[in-house]
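# Observations on chain architecture
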Amino acid sequence: MPPQLAPVNPPLGPRPASADFYRPQQVTLEMKEKVFSLSGDDFTVKTVDEGNITDVCQCKGKAISARDKKKFTDMQGNELFTLENKLLSFNKSMRGVSPSGEHDFEVKGHFKLLGTHSTCSFTNAANGQEVAIEIKGDWIDRSAEMTWEGKTVATIARSFFNVREILGDQQTYFVTVAPNVDLSLIAALCVSLDERANED
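An unreviewed UniProt entry annotates the protein as Protein LURP-one-related 15 of Hortaea werneckii EXF-2000. Among the UniProt annotations of the protein, the heading Sequence similarities (unreviewed entry) holds the following wording: "Belongs to the LOR family."

Printed below as a string of structure tokens:
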């Protein structure tokens, strides 16, 4: 049973709120482990709630650089941002760069003996506030929690009801996202965690 997450107000994300990426209800994203760093293949981020599957955005890695850059687009092919490695950083860090070349957000990795600890920083589009989302967990087991000001905004887990059995895909895991949180940002954070784990 996924946790019930409280709505976030105002909406949380580096881009203005839209019906495509901000939902008034809690949603669960389906992410496929096998398509990340190992192959660099393109993949689609989907929501899977109560048997309803809808596409949210796409990630394209092969045409650019499977290891260094991944382009996120909406379902019409319009670029949202490019997730790229930040050069000359001591711990693995990545940033999201908008089509205009501005930095939408930055993900900084922090040293930790066990598990994963990263921080995602950006200016919130809804109110101009500087935001830092803390990401902690065990990425080897594909479990993590994302928090902001003590509130959980997303959680990552291997199982979600019996959806995995229905899909028959052992490589699938699920990200539960609080209402009013940018789904494309959360998807990018999952990919950045995976990239960091494969570099460690």
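## Observations concerning the pairing of strand E9 (residues 130-138)
Of the strand pairs in this sheet, strand E8 (residues 116-123) and E9 are connected by eight bridges, and their pairing is antiparallel. Along E9, the bridge assignment pairs His117 with Lys136. Here E8 hands over to E9 after six residues, with Gly128 in that stretch at a positive phi of 75 degrees. Note that E9 and strand E10 (residues 143-148) share five bridges and pair antiparallel. Residue pairing in the sheet places Glu134 in a bridge with Thr147 of E10.

## Quick look at the pattern of salt bridges
It is possible for side chains bearing opposite charge to pair when their charged atoms get close. Enumeration according to the criterion identifies five salt bridges in this entry. As a salt-bridge pair, Lys71 and Glu79 come within 4.0 Å of each other at their nearest N and O atoms. Classification of Lys71 as partly exposed rests on a relative accessible area of 27%. Since its relative accessible area comes to 30%, Glu79 is described here as partly exposed. Put simply, Arg15, Asp104 and Asp182 are held in one network by salt bridges that share partners.

## Things to note about the side chain of Asp74
Position of Asp74 among the secondary structure elements: in the loop between strand E4 (69-73) and strand E5 (79-85). At 8.4 Å, Lys60 is the nearest oppositely charged side chain to Asp74, a buried residue that forms no salt bridge. Polar side-chain contacts of Asp74 include one of 2.9 Å to the backbone nitrogen of Gln76. The contacts of Asp74, once residues within four sequence positions are left out, are Phe21, Gln58 and Leu80.

Calculation rules
- Residues numbered from 1 in each chain as written.
- Predicted model: local features only at pLDDT ≥ 70, side-chain atom pairs only at ≥ 80, totals over all residues.
- Heavy atoms only, no water.
- UniProt positions renumbered as here; feature names shortened; annotations may be inferred.
- Pairing = 2+ DSSP bridges.
- Helix = DSSP H or I, 4+ residues; strand = E, 2+ residues; numbered from the N terminus.
- Salt bridge = Lys/Arg side-chain N within 4 Å of Asp/Glu carboxyl O.
- Buried < 20%, exposed > 50% of the residue type's maximum accessible area, 1.4 Å probe, protein only.
- Lys, Arg positive; Asp, Glu negative; His and termini not counted.
- Polar contact = N/O pair within 3.5 Å; in protein donor to acceptor, adjacent residues only side chain to side chain.
- Contact = heavy atoms within 4.5 Å.

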